[in-house]
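So you can see what is in the structure, the chains are spelled out below.
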Amino acid sequence: MGTSDSGEMLDEVGRLKRLAWADRRPSSVPLYIFGALAILSAAFELSDISVWRLVYWLIAGPTGFFLCAAWYKNHRITSGVGAGRGSYMTTGVVLLISFVFVIPLWIIALPTIGFALLVIAVRQRNTYLAICATFFGVTGFLVSIFTFDNQLYRLAHYLGYFKSADGYFSGATAMVDVMWGLLMVAAGLIAHRREVMVANA
C-alpha cells in the first residue's frame, strides 16, 4: 500500500469519525431536553406553593437523563450510532437515588444536575456541552436563590413600574425560568447547527 493510499484511508477514517460524532447529536439533544424542562418549570412558579419547584427538579432532573437515554437508544436502533461515552441512564439512576437518600442535595438540586451533565460531557471530551452544563448548574443555583428575580424587581422599579410595591411583581420567577430555558434551547440550536455542518463537511 502506497503512502497516498494510507493518507486517503486515514482521511476517510477521520471523516467517518466526524460523521459519527455529528450524527450522535452529542450536545444538541441534552441541551434541548434540559432547556425544555427549565421552561416547563415556569408553570410551577405560578403556583402559590413554592415547594412545587423543588419537587419538580427532584423529579425532572433524573427524568431529563432518562429522556436523553431513551432518545439515544432509539437513535442507536435506527442509525447504529449510540450516545458515546457516559451513560445517561446510569447517571439518571444515580441522581435519582442520590436525591432520595441524600436530603441535603435538595438544596442544591440544580447544581447537582448540572454537575452530573458536566461529568458526561467530560467523559465525552465535549467542551461545548461541558460549558453549557456548567452554565446550567451555576445559573440554576442563582435562579433558585432568586438572584435574577431581584434584578428584575430593581429594573421594574427603575423604569417606574409597580412603584407601590417597590418594583415587585408576581410572575418574575416564571419569566426568569422561561428565559433561562430559552437560553439552553438556543445553545442547543447552535450545537445542532455545528453538528449538521460537521456532518455535511
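Report follows, based on the coordinates. (Residues numbered from 1 in each chain as written. Predicted model: local features only at pLDDT ≥ 70, side-chain atom pairs only at ≥ 80, totals over all residues. Heavy atoms only, no water.)

## A look at the nonpolar core
At step 1: Membership of the largest hydrophobic core comes to 39 residues, with the highest contact counts inside it found for F34, W57, F65, Y88, I113 and F136.
At step 2: Here this core gets 8 residues from one element, more than from any other, and that element is helix α4 (residues 51-79). (Core = buried A, V, L, I, M, F, W, Y, C linked by side-chain atoms within 4.5 Å. Buried < 20%, exposed > 50% of the residue type's maximum accessible area, 1.4 Å probe, protein only. Helix = DSSP H or I, 4+ residues; strand = E, 2+ residues; numbered from the N terminus.)

## Some details on the packing of helix α5 (residues 88-101) against helix α6 (residues 109-123)
At step 1: At a closest axis distance of 11 Å, the pairing of α5 and α6 adopts a crossing angle of 155°. The angle between the axes of α5 and α6 places the two elements in the roughly antiparallel class. For α5 against α6, the interelement crossing comes out right-handed. Here Y88, T91, L95 and F99 of α5 come into contact with α6, specifically with A109, T112, I113, A116, L117 and I120.
At step 2: Considering only residue class, the contact of α5 with α6 consists of 8 nonpolar, 2 polar and no charged. (Axes fitted to C-alpha atoms, helices over the stretch in contact; angles between N-to-C directions. Parallel < 35°, antiparallel > 145°, perpendicular 65-115°, else oblique. Left-handed = near helix turned anticlockwise from the far one by under 90°. Contact = heavy atoms within 4.5 Å. Nonpolar A, V, L, I, M, F, W, Y, C, P; charged D, E, K, R; others polar.)

## Thoughts on the environment of V185
At step 1: Topologically, V185 is positioned in helix α9 (residues 172-200).
At step 2: On the basis of relative accessible area, V185 is assigned to the partly exposed category, the value being 21%.
At step 3: Along the primary structure V185 and I33 are separated by 152 residues, whereas in three dimensions their C-alpha atoms are 8.1 Å apart.
At step 4: Ignoring sequence-local partners within four residues, the contact set of V185 consists of L31, Y32, G35, A36 and I39.

The values are spatial; any link to function lies outside them.
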